[in-house]
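Notes for the structure review
What follows is each chain in one-letter form.
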Amino acid sequence: MEVLLIGFVFVGYIMIRLMLGHHLTQTFKDTKKFQSGIDLVNEEKYTEAIQYFDNVLTKKPESAVAWLYKAKSNYVLGNMYETIYDCDKVANYDYSLSDCYLIKGKALYALEEYKDAHDEFARAVWFFTDKAEPYRWKGMCNLQLQKKEDAKTDFRRAIGFEDEDANYYLLKMDSTW
């Protein structure tokens, strides 16, 4: 009888927490809160988005979402070092925002830091097990690092997700490299 009573109390406690929104993560809350800045990124208004998120970060510097969208904007604008810094901030506050590893890897690749880029793409692959892009980028790094068999493996994995770019690289490797 006591077990049944404790069970009802526990279920009641869980229901109240769910109704009050205590189960929502800070990342989820920030995504909703900063939707207007995210819309600027989606509309490709990157300079405005950076200004928006700089303003947000002066008030709330621990927002991983703000750092992430600032990093995305900086990457598109070609600010690679700022992108890397922003992505480091994202990972410090919420390591599960996996886009930061992909973006940071691309920035490092653009700076020809292939070993570090490879490590970031390896992290991205761990999070994006069902997407081709991290595998393709990891394969491109392996190619730059003269690890041709590893590159082929990564390209084949990307092709498994119907990535035509990876298919192009693999065909080119087989014919010329």
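Use the structure listed above.
Now for a look at the structure at hand. Fair warning: this is a prediction, and the values are worked out from it, not measured in the lab.

Some details on helix H7 (residues 99-110)
Over its 12 residues, H7 runs 17 Å from end to end, which matches the ideal 16 Å to within 8%, given 1.5 Å per residue. Across the 12 residues of H7, 10 count as buried, placing the element largely inside the fold. Among the residues of H7, those classed as buried are Cys100, Tyr101, Leu102, Ile103, Lys104, Gly105, Lys106, Ala107, Leu108 and Tyr109. Next to the buried residues of H7 lie helix H5 (64-76), helix H6 (80-93), helix H8 (114-127) and helix H9 (133-144). Phi turns positive one or two residues past the end of H7, at glutamate 112, with a value near 65°.

Structural notes on the side chain of lysine 70
Its location among the elements puts lysine 70 in helix H5. The buried category is assigned to lysine 70, whose relative accessible area is 11%.

Conventions used here
Residues numbered from 1 in each chain as written. Predicted model: local features only at pLDDT ≥ 70, side-chain atom pairs only at ≥ 80, totals over all residues. Heavy atoms only, no water. Helix = DSSP H or I, 4+ residues; strand = E, 2+ residues; numbered from the N terminus. Expected span 1.5 Å × (residues − 1). Buried < 20%, exposed > 50% of the residue type's maximum accessible area, 1.4 Å probe, protein only. Contact = heavy atoms within 4.5 Å.

Just distances and angles here, no functional claims.
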